[in-house]
Amino acid sequence: AGIQPAYVTCRPYLFADVTRDYLADFPEGPLFMAQDGLGGIPSRVTETKRDVFSQMAQVHGMSLEVAYGNALTDACAYAQAGVPAASTYLIGKNAGQGCPGYPAPVGLESYVDHLNELDLVRR
């Protein structure tokens, strides 16, 4: 589809194997993780992810076109990075909820079902 998926988490590298196992059924793409244990502190998650998005653009030449997440911090990081709400998808208990001051993202019941709809899941 001309899109390079990338995965961003504030989990520290200690959890890299578990995270890669979770992503095994998703399209292949680089995994960006917190550089230290402080990135996952709830008060720093939005800032940490925004910094990663900036690094993705400046260092790797990647642009954030479509975004997926499961937390309100994800919704805030994506909104503050300029990803339109119509291109932002949240799953789970925060599905359809947005960051204060920004439009709400699209709510999803299942990532895999959504990716199947887009025909992007590895077979």
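As shown above, the structure is provided for reference.
Read on for an overview of the structure. Computed from a prediction, not measured in an experiment: that's the story for all the values here. (Residues numbered from 1 in each chain as written. Predicted model: local features only at pLDDT ≥ 70, side-chain atom pairs only at ≥ 80, totals over all residues. Heavy atoms only, no water.)

**Looking at the pattern of salt bridges**
A side chain of one charge can pair with a side chain of the opposite charge when the charged atoms of the two come close.
Part 1 of the reasoning: Applying the stated criterion across every chain yields a total of 1 salt bridge.
Part 2 of the reasoning: Across the salt bridge formed by D74 and K49, the nearest N and O atoms sit 2.1 Å from each other. Within this pair, whereas D74 is found in helix α3 (residues 72–80), its partner K49 is found in helix α2 (residues 45–60), the two being separated by 25 residues in sequence. (Salt bridge = Lys/Arg side-chain N within 4 Å of Asp/Glu carboxyl O. Helix = DSSP H or I, 4+ residues; strand = E, 2+ residues; numbered from the N terminus.)

**Some thoughts on the side chain of N94**
Part 1 of the reasoning: With respect to the element layout, N94 can be found in the loop between β4 (88–91) and β5 (106–108).
Part 2 of the reasoning: Looking at N94, its side chain comes within polar contact range of the main-chain oxygen of N70, at 3.1 Å. (Polar contact = N/O pair within 3.5 Å; in protein donor to acceptor, adjacent residues only side chain to side chain.)

**Concerning the pairing of strand β1 (residues 7–12)**
For a regular strand, the rule is simple: side chains alternate between the two faces of the sheet.
Part 1 of the reasoning: Here β1 pairs with strand β2 (residues 31–34) via 3 bridges, running parallel. From the neighbouring strand, P12 faces β2, where its bridge partner is A34.
Part 2 of the reasoning: Chirality of the crossover, the property in question, places the unit of β1, helix α1 (residues 16–22) and β2 among those that are right-handed. (Pairing = 2+ DSSP bridges. Right-handed = clockwise from strand over helix to strand, strands pointing away.)

**Notes on the environment of L108**
Part 1 of the reasoning: Turning to its location among the elements, L108 is positioned in strand β5.
Part 2 of the reasoning: Classification of L108 as buried rests on a relative accessible area of 14%.
Part 3 of the reasoning: Note: C-alpha distance between L108 and N70 (38 residues apart in sequence) is 9.4 Å.
Part 4 of the reasoning: Other than its neighbours up to four places away in sequence, L108 contacts Y68, Y89, L90, I91, G92, A95 and H114. (Buried < 20%, exposed > 50% of the residue type's maximum accessible area, 1.4 Å probe, protein only. Contact = heavy atoms within 4.5 Å.)

**Here's the deal with the packing of aromatic side chains**
Part 1 of the reasoning: Tallied over the entire structure, the rule returns 3 aromatic pairs.
Part 2 of the reasoning: Where F53 meets Y78, the ring centres are 5.4 Å apart and the plane angle is 25°; that geometry is what we call stacked. One end of the pair, F53, is in helix α2; the other, Y78, is in helix α3, with 25 residues separating them in the sequence.
Part 3 of the reasoning: Residue classification places F53 among the buried residues on the basis of a relative accessible area of 9%.
Part 4 of the reasoning: Ring centres 5.0 Å apart and planes at 15° place the aromatic pair Y68 and Y89 in the stacked group. Of the two residues, Y68 sits in strand β3 (residues 67–69) while Y89 sits in strand β4, which places them 21 residues apart along the sequence.
Part 5 of the reasoning: Accessibility expressed as a relative area gives 16% for Y89, which makes it buried. (Phe/Tyr/Trp six-rings, centres within 6.5 Å; stacked < 30°, edge-to-face > 60°.)

Remember, this is a structural readout, not a statement about activity or role.
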